[in-house]
Amino acid sequence: MGEASAGEPDGAHAGDAVVATRALTKRYRGGQLAVDGLHLTVPEGSVFGFLGPNGSGKTTTIRMLMGLIEPTSGTAHVLGRPMPRSARAVLPHVGALIEGPALYGFLSGRDNLLRYDAADPTADPRTRSARVAAALDRVGLTAAAGKKAKAYSLGMKQRLGLAAALLQPRRLLVLDEPTNGLDPQGMREIRTLIRALASDGTTVFLSSHLLDEIEQVCTHAAVMARGRLITQGPVAELSAGARGRLVVTTPDPADAARVLKEQGVADVVVADDRVTGEAPERDLAEVNAALVTAGVRVRGFGVERASLEEAFVALTGEGFDVAG
Amino acid sequence: MSRAEAERRVSPLWTLGLFRSELLTTFRRWRTLALLGVLAAVPVLIGVAVRIETGDGSSAGGGGGEGPAFISQITNNGLFLVFTGLAATLPFFLPMAIGVVAGDSLAGEASAGTLRYLLVAPAGRTRLLLTKYATVMAFCLVATLVVAVSALLVGALLFPLGDLTTISGTRISFGEGLVRALLIALVVAASLTGVAALGLFVSTLTNSGIAAMATTVGLLITVQILDQIPQLHALHPYLFPHYWLSFADLMREPVHWDDLTKNLGLQALYAAVFGSAAWARFTSKDVTA
Ligand SMILES: Nc1ncnc2c1ncn2[C@@H]1O[C@H](COP(=O)(O)OP(=O)(O)OP(=O)(O)O)[C@@H](O)[C@H]1O
Ligand SMILES: [Mg+2]
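Here the structure is a predicted model, which is why all the values come from computation and not from measurement.

Thresholds applied
Residues numbered from 1 in each chain as written. Chains lettered and ligands numbered in written order. Predicted model: local features only at pLDDT ≥ 70, side-chain atom pairs only at ≥ 80, totals over all residues. Heavy atoms only, no water. Helix = DSSP H or I, 4+ residues; strand = E, 2+ residues; numbered from the N terminus. Buried < 20%, exposed > 50% of the residue type's maximum accessible area, 1.4 Å probe, protein only. Contact = heavy atoms within 4.5 Å. Areas by Shrake-Rupley, 256 points an atom, 1.4 Å probe, with all protein chains shown as cover. Near = heavy atom within 4 Å. Polar contact = N/O pair within 3.5 Å; in protein donor to acceptor, adjacent residues only side chain to side chain. UniProt positions renumbered as here; feature names shortened; annotations may be inferred. Pairing = 2+ DSSP bridges. Axes fitted to C-alpha atoms, helices over the stretch in contact; angles between N-to-C directions. Buried area = accessible area lost by both parts, 1.4 Å probe. Nonpolar A, V, L, I, M, F, W, Y, C, P; charged D, E, K, R; others polar. Salt bridge = Lys/Arg side-chain N within 4 Å of Asp/Glu carboxyl O. Parallel < 35°, antiparallel > 145°, perpendicular 65-115°, else oblique. Left-handed = near helix turned anticlockwise from the far one by under 90°. Phe/Tyr/Trp six-rings, centres within 6.5 Å; stacked < 30°, edge-to-face > 60°. Domains from an automatic or database assignment. Patch = residues over 30% accessible without salt bridge, like charges linked within 9 Å, V, L, I, M, F, W, Y side chains within 5 Å.

**Q** I tried to follow the overall build of chain A on my own but got confused; where do I start?
**A** The helix and strand inventory of chain A stands at 11 helices and 15 strands. A total of 324 residues make up chain A; the buried ones form 52% of that total. Considering only contacts in chain A between residues 6 or more positions apart, those separated by 24 or more positions represent 68%. Accessible area of chain A: about 14000 Å², with a carbon and sulfur share of 51%.

Below, the structure is given as structure tokens:
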């Protein structure tokens, strides 16, 4: 939309964040409130998981960040600049896959990428074919590059869409469900690719329903429900939010339960040879030492972390139906 | 923005890459080639029909009044098939082809979803719109030239060529006739800039390529009909096809510029009005498809 000059100073309040939104709100023309007062902060260098049930406003948020739709109210800064006003300056540094790939069916995979690259006025035409070849290679499509895109399978299209996001070195990658339709090998490769990009310093903003995927690759995450942000932070903290449980395996469960209660462990439950309780704040080594001192024979001692999936369901509710 | 920006030295010429890509994409579409094929076939049909009709030595059109302009002259000089071909395709075939290409230009990208990827590339909304309009104009020119060249080839194959008589009765050489034919083709192409802008505007209104094409062609037909209703003659000078056939005035000696300039002025007006409307709409539009 607007054309900001490349030399404009960064937005003062955006700080180090690659993406920063303040009270970002979108009401679609039909009256649907899709995103409601979103305060989102994506730290530089993070792999940021963006979670939420269907219809919770993830894609809408991404569209606003990419300048495709105008927020109803609130602001969004990407790479320190306001969107959509600075789209021309910001977007060359951003690779995006939004709501699945979109391709020209009558063009080959390679020609699709050549076209998208030509659309970027900051892309050097002298290096275009080399960059296209490198991007195709990165997503494993070199052999199918000459095939018409309409003959691509779902996963091949998804890979080509990813390749389009990788045509240039990017500071930010925005990937809306990037592993949709990929085979297990493809998913693994994409995860490896995301890790490699992240270690090169690219910030990755990743929306996905696959929680183990988020748990495996993301350093940070945010959870949306019904257009509102429920929580955001480092992934370790989010799953710790649904606090882990201390698990002691022992042939002396009664003694163990008594000692654990003495040590301040709450909600102690005994089941056969397993004694579990809420992990206390204090150093667990001391708890273990207390068990041993009391003569309890310990076979196993550890904390079982709640999975992100459990944390997610705890945050967004069990219901299967999509909010209207 | 320090690191990555320092690495990228950008040349202003690179911005033209999108226009080149747009031309390639448009002319590689089956639909574009089919439209051009239909346009090329029209002069062939006229030429063959005239040839069959006049095989017994009589002249076509029965002395004028019937059929498209200049048709009675074709048997004397194949070059007249160029003028006849353009006169026959200008009221409907040419603008319909432009309507299809212009109507689909943005709406087609929206329905395929490719629009969002062009915009995040980032193509820039104004730049993309200008590129699309320039491409539609290029298509106007190519479509007109396809009719003209096809007509010239068929005319040369089926009929004699040589000096020709203008509408005013003066003789001009074949070379000068060719120059006039080229000039007429350019004027015909320019006559289509109004429909092109209209189609582009319609294309910004919807996310369905088919709907945009159908609407544009529908509007074209409606306006052509309105232009034929005598009771509406007060309206006629503002309808974009009204002065289209003024290109024939280029075959007078001296040339009558009156209606020609009115035509070009009207096209410029339509291009300005609907171009601005398309810009206002497209630069503020939510792209959700
Ligand atoms: N173009 C649109 N016009 C009107 N309402 C829309 C539009 N796009 C989305 N919505 C509504 O906005 C809400 C959020 O949709 P959005 O696509 O952002 O969800 P999402 O989190 O991406 O869901 P999913 O996980 O299914 O992709 C939904 O209630 C949806 O019905
Ligand atoms: Mg979505």
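Having seen the structure, we can now continue with the description.
**Q** Quick question: what am I supposed to make of the site of ligand 1 here?
**A** In the vicinity of ligand 1 there are 15 residues, among which Asn54, Gly55, Lys58, Thr59 and Thr60 of chain A approach most closely. Residues near ligand 1 are shared among chains A and B, making this a multi-chain site. Within the contact set of ligand 1, an oxygen atom lies 2.8 Å away from a backbone nitrogen or oxygen of glycine 55 of chain A. Within the side chain of threonine 60 of chain A, a nitrogen or oxygen atom sits 2.5 Å from an oxygen atom of ligand 1.

**Q** Would you mind showing me how to read the UniProt feature "transmembrane region" (unreviewed entry) in chain B here?
**A** UniProt marks residues 33-52, 79-102, 133-159 and 179-202 of chain B with the feature "transmembrane region" (unreviewed entry), using the numbering shown here. End-to-end, the C-alpha atoms of residues 79-102 of chain B are 30 Å apart, and along that stretch the chain is 83% helix and 0% strand.

**Q** Help me understand the sheet that holds strand β13 (residues 266-271) of chain A, please; the structure alone is not making it clear to me.
**A** Sheets are built from strands that pair by backbone hydrogen bonding, the pairs being arranged parallel or antiparallel. Residues and elements named next belong to chain A. Pairing is antiparallel in the open sheet, where 4 strands are placed in the order β13-β14-β12-β15. Only two strands of the sheet have a single neighbouring strand rather than two, namely β13 and β15 (300-304). With direction set aside, neighbouring strand axes in the sheet form an average angle of 20°. Across 5 bridges, the pairing between strand β12 (residues 245-249) and strand β14 (residues 274-278) is antiparallel. Bridge pairing in β14 links threonine 249 to arginine 274. Set on the sheet, helix α9 (residues 253-262) makes contact with β12, β13 and β14; between it and β13 the angle comes to about 175°. Each of β12 and β15 touches helix α10 (residues 284-293); the most contacted strand, β15, lies at about 150° to it.

**Q** Just checking my understanding: could you explain the environment of leucine 183 of chain B for this structure?
**A** Residues and elements named next belong to chain B. Mapped onto the elements, leucine 183 comes out in helix α8 (residues 174-191). The class for leucine 183 is partly exposed, based on a relative accessible area of 39%. Residues leucine 183 and leucine 250, 67 residues apart in the sequence, show an inter-C-alpha distance of 8.0 Å.

**Q** Looking at this structure, how should I read the interface of chain A and chain B?
**A** Note on interface size: it is often stated as the accessible area lost on association of the parts. Listed by partner, the interface residues are 47 residues for chain A and 37 residues for chain B. Each partner contributes to the roughly 3700 Å² buried at the junction of chain A and chain B, and carbon and sulfur atoms together form 55% of this total. Put simply, chain A and chain B have 17 residue pairs in polar contact (both at pLDDT 80 or more) between them. Within the residue set of the side of chain A that touches chain B, elements represented by two or more residues are α2 (87-90), β7 (94-97) and α3 (109-119) of chain A. Broken down by element, the side of chain A that touches chain B gets its largest block of residues, 5 residues, from α3 of chain A. A per-class count over the side of chain A that touches chain B returns 29 nonpolar, 5 polar and 13 charged.

**Q** Please explain the pattern of salt bridges as it appears in this structure.
**A** Between side chains of opposite charge, pairing is possible as soon as their charged atoms come close. Following the criterion strictly, the structure yields 21 salt bridges over all chains and no others. For arginine 171 of chain A, the salt bridge is made with glutamate 44 of chain A, and the minimal N-O distance between the two is 4.0 Å. Here arginine 171 of chain A is found in the loop between α5 (154-165) and β8 (172-176), whereas its partner glutamate 44 of chain A is found in the loop between β3 (41-42) and β4 (47-51), with 127 residues between them in sequence. Given a relative accessible area of 42%, glutamate 44 of chain A falls into the partly exposed group. The closest approach of N and O atoms between glutamate 189 of chain A and arginine 159 of chain A, which form a salt bridge, is 3.6 Å. In this pair, glutamate 189 of chain A is assigned in helix α6 (residues 184-199) and arginine 159 of chain A in helix α5, connecting sequence segments 30 residues apart. Overlapping salt bridges bring together Arg115 of chain A together with Glu22, Glu109 and Lys132 of chain B as one network.

**Q** I keep staring at the packing of α3 of chain A against α5 of chain A and nothing clicks. Help me out?
**A** In a packed pair of helices, the relevant descriptors are the angle between the two axes and the axis-to-axis distance. Residue and element names in this part refer to chain A. Between α3 and α5, the shortest axis-to-axis distance is 10 Å and the interhelical angle comes to 30°. Looking at the two axes, α3 sits roughly parallel to α5. In the packing of α3 onto α5, the handedness of the crossing is right-handed. Residue-level inspection shows Gly109, Asn112, Leu113 and Tyr116 of α3 in contact with α5, the latter providing Leu160, Ala163 and Ala164. Looking at the contact of α3 with α5, its residues break down into 5 nonpolar, 2 polar and no charged.

**Q** Whenever I open this one, the packing of helix α3 (residues 30-53) of chain B against helix α5 (residues 93-112) of chain B confuses me. Can you help?
**A** All names here are of chain B. For the pair α3 and α5, the least separation of the axes is 10 Å and the interaxial angle reads 175°. Put simply, α3 runs roughly antiparallel to α5. Contact with α3, carried on its side by Arg31, Leu35, Val38, Leu39 and Val42, involves Phe93, Leu94, Met96, Ala97, Val100, Val101 and Asp104 of α5 and no other residues of that element. Residue composition of the contact of α3 with α5, grouped by class: 10 nonpolar, no polar and 2 charged.

**Q** Just to check I follow, could you spell out the pairing of strand β5 (residues 73-78) of chain A for this structure?
**A** Note on strand geometry: in a regular strand, side chains alternate between the two faces of the sheet. All names here are of chain A. Bridge count between strand β1 (residues 19-27) and β5: 5 bridges; the pairing is antiparallel. Bridged to threonine 21 within β5 is alanine 76. As judged from the 3 bridges shared by β5 and strand β6 (residues 81-83), these two strands associate in the antiparallel manner. Pairing of valine 78 across the sheet is with arginine 81, part of β6.

**Q** What exactly am I supposed to notice about the packing of aromatic side chains here?
**A** All names here are of chain B. Summed over all chains, the structure comprises 12 aromatic pairs over all chains. An angle of 75° between the planes, with centres 5.4 Å apart, marks the rings of phenylalanine 240 and tyrosine 270 as edge-to-face. Residue phenylalanine 240 is found in the loop between α10 (209-226) and α11 (258-284), and its partner tyrosine 270 is found in helix α11; the two are separated by 30 residues along the sequence. In terms of burial, phenylalanine 240 and tyrosine 270 fall into one category: buried. Three or more aromatic residues joined by ring pairs make a cluster, and in this case those are Phe201, Phe240, Trp244, Tyr270 and Phe274.

**Q** Which parts of the structure should I look at to understand the domain arrangement of chain A?
**A** Structurally, chain A comprises domain 1 (17-240) and domain 2 (243-305). Using C-alpha coordinates to define each centre, domain 1 of chain A is positioned 44 Å away from domain 2 of chain A.

**Q** Help me out: how do you make sense of a nonpolar patch on the surface in this one?
**A** Residue and element names in this part refer to chain B. Side chains of Leu141, Leu145, Val149, Leu153, Leu182, Leu183 and Leu186 sit close together on the surface and give an oily, nonpolar patch of about 580 Å² of accessible area. Elements represented by at least two residues in the nonpolar patch include exactly α7 (125-158) and α8. It is α7 that contributes the most residues to the nonpolar patch, 4 residues altogether. You can see leucine 182 is positioned in helix α8.

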